[in-house]
Amino acid sequence: MRTGRKSRRKNRKSRGYIVPMCLALSGTLMAGTASADTYLGTELNGILEHGGSWNSDDEHRSITSDGDTVTLRNVGITNKNHHDQSWYYIDGFKAPEKKLVMDWDWEQEWKDPGQMGPVRSDVGRIEIEAKDLSLTSDFGPESENGQWNNKGLFADSPKDVPTPGILDVKVSGVINLKTGHFPIFADPGSITITGFKELNAEATGRMDGSGYVVRNVTVDGKPSTIRITGTPDSKISLLSQKSYRLSDRKQTAVVEDGSPQGQGTLIQGGRISIVRNAEEAHSIVMTAHSHTEGHIDIEGAQAVTIGTPERKKEFAVQGFSKGDGFSTIDINKTWKGKVTIYGSVAAESAEVNIYYAGKDSRQNGEVLAAKSHLDSEDGFTLNGTGTQGTQSGIMNLFFSGEGAGMKGNMTAKEGSSITADFSGDNAFFNGDITADGEKSSVTVNASGRNAVLTGNVSVKDGGVSNVNLSGESLWTGKSALSGTEAASNVSVNDNSTWKVTADSVVSTLKLSGGTVDLEGGAHQIKIGHLSAD
């Protein structure tokens, strides 16, 4: 390490000043006493105050400033007592009026780059405060090597440390993250990203196990959280270019959480886009995966878009749990922007609540509520490992926005339930409804003015379906029962109409100011119990 020490002594002499340990300036590094020759806090403070630059003798690492932008090349940000401190690093950055650029690259002939990624907190707290933040760490061949160095914002915890690392990032402008592994990863740890107007995070899928953009997992019972909160007019783009696993090349989501209740992942902003360009089909937003359960909350004041039109056949949103775990996913529970989902939505031993409150919100894809399995339908597989979920799924869909609607089938299995409310004016549903045995249930309420439901109801052994029409809504379709103890209940109220398209069977039919249209008597309805007001 004599090389780095010699270089810094030259820089100090050429600047002709003594660097104070704590600077009360507009841009200041986190205060602290350097304990290793590779700690560059004093160098950064001097550059912020007087300008200039620092370069290592091998020219692989540098700190430069043009007055507005500070650039760190292969200089990491990590805790002072972190075991990687033998490499060149600073322990925080507080310059709210400065742009911070972190360029992280490495050539194999340079040997080990040292620190596991540009920003890592595993012992204590790291704070980054800047006007803009740009971080790039995308180098090396596509292999299992280099995955640690290609992370972005990373918080974790060594086995012998009881409290996970904390990483606080506050940026008033734009954040750009591009990495070969995970741009944002808590494993376990606490990551908070706040204040920004725009956040773009891209995973190129270069390294083994990559493809995740945001991942939060609990390890050894230690708490783990990710909180991404932009302003109500902010933009968030989470893009996965490729899912890359040497074993199966498909088991990575774009956003994944594997943490207990009360922890989880929050993504909140104005316009939120979560997309994967990878050829491999897999979930885009997912809980648990190899963990027992997870919890995700996504809130978009203006819009939330998950998936792309050409990828409708995969799970866009998958609430998934194993064993006795019970995951949750909430989308726009608080903020009521337009929600557009391309792909299926599943609640497998989990509860999923989605609020399609914005005008013309869309669910483009099927909806499933069931228990989780080792081979979970067609969208995701654990390849025979793990534990099947013991709890039934719960799916709640709220189409309250004007013109909000769904194109796709609804299926409840294994004692699970789906409730879909079409309360928005001109709300619509186009698909079939299936309650598949074991007291599974599907309830569809159409109360919005001129709401339209199109599709058939099928109830199998022990299942229950409820179709409730009001507010001059219209259902066009038939009802069928099979097996024993199946029940189909239909209520037609307030100038609403059920237009029967084929012979039907219902357990109960309730009429209260509504109409059943048999198309001129061409079809018949077998009714268990009829009531009319």
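All residue numbers refer to positions counted from 1 along the written sequence of the respective chain. Local features in this predicted model are restricted to residues of pLDDT 70 or higher, and side-chain atom pairs are both shown and tallied only at a pLDDT of 80 or more, whereas totals for entire chains, interfaces and linings draw on every residue. Hydrogen atoms and water are omitted, and side-chain values are computed over all heavy atoms in the structure.

### Describing the overall build of the protein chain
Convention followed: Numbering of helices and strands runs from the N terminus, with a helix taken as a DSSP run of H or I at least four residues long and a strand as a DSSP run of E at least two residues long. Any residue under 20% of the maximum accessible area for its type is buried, any over 50% is exposed, and the rest in between are partly exposed; the area is computed with a 1.4 Å probe on protein chains only. Contacts are assigned to residue pairs that have any heavy atoms within 4.5 Å of one another. Surface accessibility in these figures is a Shrake-Rupley result with a 1.4 Å probe; residues are shielded only by whichever protein chains are displayed.
A tally of helices and strands in the protein chain yields two helices and 47 strands. Taking all 533 residues of the protein chain together, the buried fraction comes to 56%. In the protein chain, the share of contacts with a sequence separation of at least 24, taken over all contacts with a separation of at least 6, comes to 66%. For the protein chain, the exposed surface amounts to about 20500 Å²; the carbon and sulfur share of it is 46%.

### Describing unusual backbone geometry
That bond from Asp 187 to Pro 188 is cis: its omega, -15°, falls within 30 degrees of zero. By the secondary structure assignment, Pro 188 is in the loop between strand E12 (184-187) and strand E13 (190-194). At Ala 288, a position not held by glycine, the phi torsion is positive, near 75°. Relative to the assigned elements, Ala 288 resides in the loop between strand E20 (285-287) and strand E21 (295-306). The exposure class assigned to Ala 288 is buried, which follows from its relative accessible area of 0%. Phi is positive for Glu 414, close to 55°, though the residue is something other than glycine. The class for Glu 414 is buried, based on a relative accessible area of 16%.

### Some words on the environment of Asn 45
Residue position: Asn 45 is located in helix H2 (residues 41-50). Through-space distance from the C-alpha of Asn 45 to that of Phe 93 is 9.7 Å; in sequence the pair is 48 residues apart.

### Some thoughts on the side chain of Thr 340
Among the structural elements, Thr 340 can be located in strand E24 (residues 338-342). Exposure remark for Thr 340: the relative accessible area of 10% places this residue in the buried category. For Thr 340, the contacting residues outside a window of four places in its chain are Val 304, Thr 305, Ile 306, Arg 362 and Asn 364.

### So, H2
Burial of H2 is extensive: eight of the ten residues sit out of reach of the surface. Looking one or two residues beyond H2, the residue adopting positive phi is Gly 51, at roughly 85°.

### Some thoughts on the pairing of E21
Put simply, the rule reads: Strand pairing requires that DSSP identify at least two bridges connecting the strands.
Bridge count between strand E19 (residues 264-276) and E21: nine bridges; the pairing is parallel. Bridge pairing links Gly 269 to Gly 300 in E21. Bridge count between E21 and strand E23 (residues 327-331): four bridges; the pairing is parallel. Bridge pairing in E23 places Ile 298 opposite Ile 331. Where E21 lies against E24, four bridges are found, and the strand directions are parallel. Of the residues in E24, the one forming a bridge with Ile 306 is Ile 341.

### What about the environment of Glu 402?
Looking at where Glu 402 falls in the secondary structure, it is placed in the loop between strand E31 (394-399) and strand E32 (405-407). Residue classification places Glu 402 among the partly exposed residues on the basis of a relative accessible area of 42%. Taking the C-alpha atoms as reference, Glu 402 lies 4.8 Å from Gly 424; in sequence the two are 22 residues apart.

### What to know about the pattern of salt bridges
Formally: Just to be clear on terms, a salt bridge is a Lys or Arg side-chain nitrogen sitting within 4 Å of an Asp or Glu carboxyl oxygen.
One pass over the full model with this rule turns up ten salt bridges. In this structure, Arg 120 engages Asp 122 in a salt bridge whose closest nitrogen and oxygen atoms are separated by 3.9 Å. For Arg 120, a relative accessible area of 5% translates into the label buried. Counted as one network, the salt bridges with shared partners bring together Arg 120, Asp 122 and Asp 156.

### Re the side chain of Thr 225
With respect to the secondary-structure elements, Thr 225 resides in strand E16 (residues 225-229). Those residues in contact with Thr 225 that lie beyond four places of it in its chain are Ala 186, Gly 189, Ser 190, Ile 191, Asn 216, Gln 263 and Gly 264.

### Some points on the pairing of strand E33 (residues 410-413)
Residues Met 410 and Ala 412 of E33 are buried on one face, while the alternating residues Thr 411 and Lys 413, pointing to the opposite face, are not. Bridge analysis of E33 against strand E36 (residues 433-436) gives four bridges, and the strand direction is parallel. What sits directly across from Ala 412, in E36, is Ala 435.

### A short note on the environment of Ile 267
Structurally, Ile 267 is set in strand E19. With 41 residues separating them in the primary sequence, Ile 267 and Ile 226 have C-alpha atoms 8.2 Å apart. Among all residues touching Ile 267, those that are not within four sequence positions of it are Ile 228, Ile 236, Leu 238, Val 255, Ile 272, Asp 297, Ile 298 and Glu 299.

### So, the packing of aromatic side chains
The line we're drawing: Each Phe, Tyr or Trp ring, with Trp reduced to its six-membered ring, pairs with another whose centre is within 6.5 Å; inter-plane angles below 30 degrees give stacked pairs, above 60 give edge-to-face pairs, and intermediate values give tilted ones. Whether a charge sits over a ring depends on NZ of Lys or CZ of Arg being within 6 Å of the ring centre and within 35 degrees of the ring normal.
Scanning the model with the defined rule gives ten aromatic pairs in all. Taking the centre distance of 4.6 Å and the plane angle of 15° together, the rings of Tyr 355 and Phe 398 count as stacked. Pair noted here: Tyr 355 is in strand E26 (residues 350-355) and Phe 398 is in strand E31, with a separation of 43 residues, a long-range link. An aromatic cluster of three or more residues is present, and its members are Phe 154, Phe 182, Phe 185 and Tyr 212. Geometry around Phe 182 places Lys 151 over its ring, the cationic atom sitting 5.6 Å from the centre. Taking NZ or CZ as reference, Arg 215 lies 4.5 Å from the ring centre of Tyr 212, over its face.

### Things to note about the confidence of the model for the protein chain
Threshold: Every residue carries a pLDDT, the predictor's confidence in it, which falls somewhere between 0 and 100.
A residue-level look at the protein chain finds 84% of positions with pLDDT of 70 or above and a mean pLDDT of 86. Predicted confidence is poor over residues 377-384, with pLDDT under 50, and the contacts of this stretch with residues over four places away or in other chains come to 27 contacts.

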